[in-house]
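# Residue-level structure breakdown
What follows is each chain in one-letter form.
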Amino acid sequence: MTHSEAYIVEAVRTPVGKRGGALATAHPADLGAHVLTTLMTRSGADPAAVEDVILGCLDTVGPQSGDVARTCWLAAGLPEHVPGVTVDRQCGSSQQAVHFAAQAVLSGTADLVVAGGVQNMSQIPIAYASNRAVEPLGLTDGPFAGSKGWRARYGDTPVSQFYGAELIAQQWGISRADMERWALRSHQRALQAIDEGRFKREITPYGDHTVDEGPRRDTSLEKMASLAPLIENGRLTAAVSSQISDAASALLLASEQAVRDHGLTPRARIHHLSVRADDPIRMLTAPIPATEHALKKTGMTLDDIALVEINEAFAPVVLAWLKDTGCDPDKVNVNGGAIALGHPLGATGTKLMTTLLHELERTGGRYGLQTMCEGGGQANVTIIERL
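Given the structure is predicted, the values throughout are model-derived calculations rather than measurements. (Residues numbered from 1 in each chain as written. Predicted model: local features only at pLDDT ≥ 70, side-chain atom pairs only at ≥ 80, totals over all residues. Heavy atoms only, no water.)

Let's shift gears to the overall build of the chain. On a plain count of helices and strands, the chain comes out with 12 helices and 10 strands. Rg of the C-alpha trace for the chain: 20 Å, near the compact-globule value of 21 Å for 387 residues, within the 12% margin. Seen through its C-alpha atoms, the chain measures out along the principal axes to roughly 60 × 50 × 45 Å. Relative to its full complement of 387 residues, the chain shows a buried share of 56%. In the chain, 81% of the contacts between residues at least 6 apart in sequence involve partners at least 24 apart. If you sum the accessible surface of the chain, you get close to 15,000 Å²; carbon and sulfur atoms cover 49% of it. Charged side chains of the chain number 34 positive and 43 negative; the gap between the two group centres comes to 4 Å. (Helix = DSSP H or I, 4+ residues; strand = E, 2+ residues; numbered from the N terminus. Rg over C-alpha atoms; globule rule 2.2 N^0.38 Å. Buried < 20%, exposed > 50% of the residue type's maximum accessible area, 1.4 Å probe, protein only. Contact = heavy atoms within 4.5 Å. Areas by Shrake-Rupley, 256 points an atom, 1.4 Å probe, with all protein chains shown as cover. Lys, Arg positive; Asp, Glu negative; His and termini not counted. Charge placed at Lys NZ, Arg CZ, Asp CG, Glu CD.)

This part takes up the pairing of strand β7 (residues 268-277). Sheet topology places strand β1 (residues 7-13) next to β7; two bridges connect them, and they run antiparallel. Of the residues in β7, the one forming a bridge with Tyr7 is Arg269. (Pairing = 2+ DSSP bridges.)

The next point concerns unusual backbone geometry. Notably, Gln90 is not glycine yet its phi reads approximately 55°, a positive angle. Relative to the elements of secondary structure, Gln90 occurs in the loop between β4 (84-87) and α3 (93-107). For Met283, which is not glycine, the phi dihedral falls at a positive 65°. Residue position: Met283 is located in the loop between β7 and α9 (287-298).

Within the secondary structure, Asp212 sits in the loop between α6 (176-195) and α7 (221-225). With relative accessibility at 6%, the residue Asp212 sits in the buried group. In terms of polar contacts, Asp212 uses its side chain to reach the side chain of Arg13, at 2.8 Å. Of the polar contacts made by the side chain of Asp212, one reaches the backbone nitrogen of Val16; its length is 2.8 Å. When sequence neighbours within four positions are dropped, the list of residues in contact with Asp212 reads Arg13, Pro15, Val16, Ile194, Phe199, Ile203 and Leu341. (Polar contact = N/O pair within 3.5 Å; in protein donor to acceptor, adjacent residues only side chain to side chain.)

A few words on the nonpolar core. Judged by nonpolar contacts, the single largest core of 43 residues is most densely connected at Trp321 and Val332. Only α5 (161-171), α6, α9, β8 (307-310), α10 (315-325), β9 (367-374) and β10 (378-386) provide two or more residues apiece to this core. Looking at this core element by element, the count peaks at seven residues for α10. Leaving out residues up to four positions away in the same chain, Trp321 has contacts with Pro287, Ile288, Thr291, Leu302, Val308, Ile310, Gly326, Cys327, Val332 and Thr371. (Core = buried A, V, L, I, M, F, W, Y, C linked by side-chain atoms within 4.5 Å.)

On inspection of all chains with the given rule, the structure shows 19 salt bridges. With its nearest N and O atoms 3.6 Å apart, the salt bridge here joins Asp278 to Arg282. (Salt bridge = Lys/Arg side-chain N within 4 Å of Asp/Glu carboxyl O.)

Following this line, the structure appears as structure tokens:
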């Protein structure tokens, strides 16, 4: 038996719902169950042969608590003997789920593993777990302020994604106008992808909900310019930030043995996976050193990469990455990004990978690279090869 490859057999996602939109009342377990059911049906794999279900999710309180990965699988009516585990690497949680699943397959300790993510931000806003949920316990410091070790190392500097994005814009010389042009591009590309039906194969409709709700047809540079900054005297606005969203997404990873045993058809292979970290105060810069590390490890250059998905948590994240890597922007987020399509936190990693796989297939590209900034100043990088 050989375990030299980890193959992506299937990849699927729900449409992304905007805050208060079509998915707002959906229970996270039902969102997750929906993609898991579709994943198993489309792949043709025997659900009883799945060895683990690894899902990303943040703010695991309320309906997202209690190991939501396990709950999603059971809510789907799938075999009880299959376990589940929930991963939190902040915004990169489901990309990390892919890494854990691939590592299990590559190591020979598993042959068939589900990786994905789920998040309903309409029901559970970001940072809910570290703020409101613990207030009845008299805990109000969150993860940083109460730590003597953290304070000794980083002082009382604010730990905020907004502050980090603002620092990046300043340090990389990225103007508000630069960010707004990128944001407009994100909406335009997302709308073009929707209008051309590029997302249809990757989306499993949830009830009557078939299309991503985020992209705005009426947005313009003039409208963006009218918005107040998120930080006083800052450059960042809501227009250049990712949208609060609800969604679920999932991939099925298989070994060579599982492909043979189940008659599966691999669509891509995991070529590289790694994770690196950077300054936790700037927080959002790690995709730059993480990409450099991945390319060095593989002996590749960005010329070898046909398509890039880098999560648009904020426009300066992508623009700083482009400045430092010198990557051709025309192959980055070609179908729009989170500024237009939304960022359902725990589900975003496998959502991006689902889109990356389908777009490689549509265009005939060979290699795709995915990276995203994550809380704590971290970033995952995955390179997949279309087969």
